[in-house]
Amino acid sequence: PAKKSRMVAKQGLWYLLPFYLTWIFPVVTEITELVTANYYDPMVILVSFFLPFQGFLNFIIYMRPRFIKYRKQHQSWSIFYIIYRTLRKSLCCFAEDQDDMFISGVSGTTSASRVSAQDRDSVVAEYNRRNTMDANEQIVAPRRPSVVKFD
């Protein structure tokens, strides 16, 4: 628990970096305007660039834990491939391999269940069994469509 708390605190502190980096220019611009009653074009350009850039920097920090996880698990991968995998997983919102596969609602619970590739067929069979007709032609748990397909 203490290690996890430190990791969460450290990740939260990383979000301060883009905040201070992006808001230093608007603050300096406002102070300069109050003192001199003039706007300086270079400062306005810096504000116009860095203020929207905060979202991109926050996204980079948001991806940081996944990047670190991939780097620890796959030390033989190049740094560029790890960045590619992190971006693909963060932007595309779909499971690419066995490490990232999530299936929800198949175990009878409402939370997502992490499933390995070996268990996938049994999970799908159980899901289909629960959502199709049994031997007596009675519907068993008709909560979802009767077929699950993995592409």
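The coordinates are above.
Definitions and limits used
- For every chain, the first residue of the written sequence is number 1, and numbering continues from 1 along that sequence.
- The predicted nature of this model means local features are confined to residues of pLDDT at least 70 and side-chain atom pairs, given and counted, to a pLDDT of 80 or more, with totals for whole chains, interfaces and linings taken over all residues.
- With hydrogens and water stripped out, all remaining heavy atoms of the structure feed into the side-chain values.
- Where helices and strands are cited, they refer to DSSP runs of H or I of at least four residues and of E of at least two residues respectively, numbered from the N terminus.
- How far a helix is expected to stretch is found by multiplying one less than its residue total by 1.5 Å.
- For every residue, the accessible area (1.4 Å probe, protein chains only) is compared with the maximum for its type, and the residue is labelled buried under 20%, exposed over 50%, or partly exposed between those bounds.
- Note on definitions: a residue-residue contact is assigned when non-hydrogen atoms from the two residues lie within 4.5 Å.
- Stacked, edge-to-face and tilted labels apply to pairs of Phe, Tyr and Trp rings (six-membered ring for Trp) whose centres lie within 6.5 Å, assigned for plane angles under 30 degrees, over 60, and everything in between, in that order.

Spanning 21 residues, helix α2 (residues 16-36) covers 30 Å between terminal C-alpha atoms, matching the ideal 30 Å at 1.5 Å per step. Buried within α2 we find Pro18, Thr22, Phe25, Pro26 and Thr29. Looking at the buried residues of α2, the elements they touch are α1 (2-14) and α3 (41-73). Count one or two residues on from α2 and you reach Ala37, which has phi positive near 65°.

All right, on to the packing of aromatic side chains then. Centre-to-centre distance and the angle between the planes together describe a pair of aromatic rings. With the rule as written, the count across this model stands at ten aromatic pairs. Taking 4.9 Å as the distance between ring centres and 25° as the angle between the ring planes, the aromatic pair formed by Phe25 and Phe50 counts as stacked. One end of the pair, Phe25, is in helix α2; the other, Phe50, is in helix α3, with 25 residues separating them in the sequence. Seen in terms of ring centroids, Tyr70 and Trp77 are 6.2 Å apart; in terms of plane orientation they differ by 55°. Their pairing is tilted. Owing to a relative accessible area of 0%, Tyr70 belongs among the buried residues under this scheme. Three or more aromatic residues link up through ring pairs in this structure, and these residues are Phe25, Phe49, Phe50, Phe53 and Phe56.

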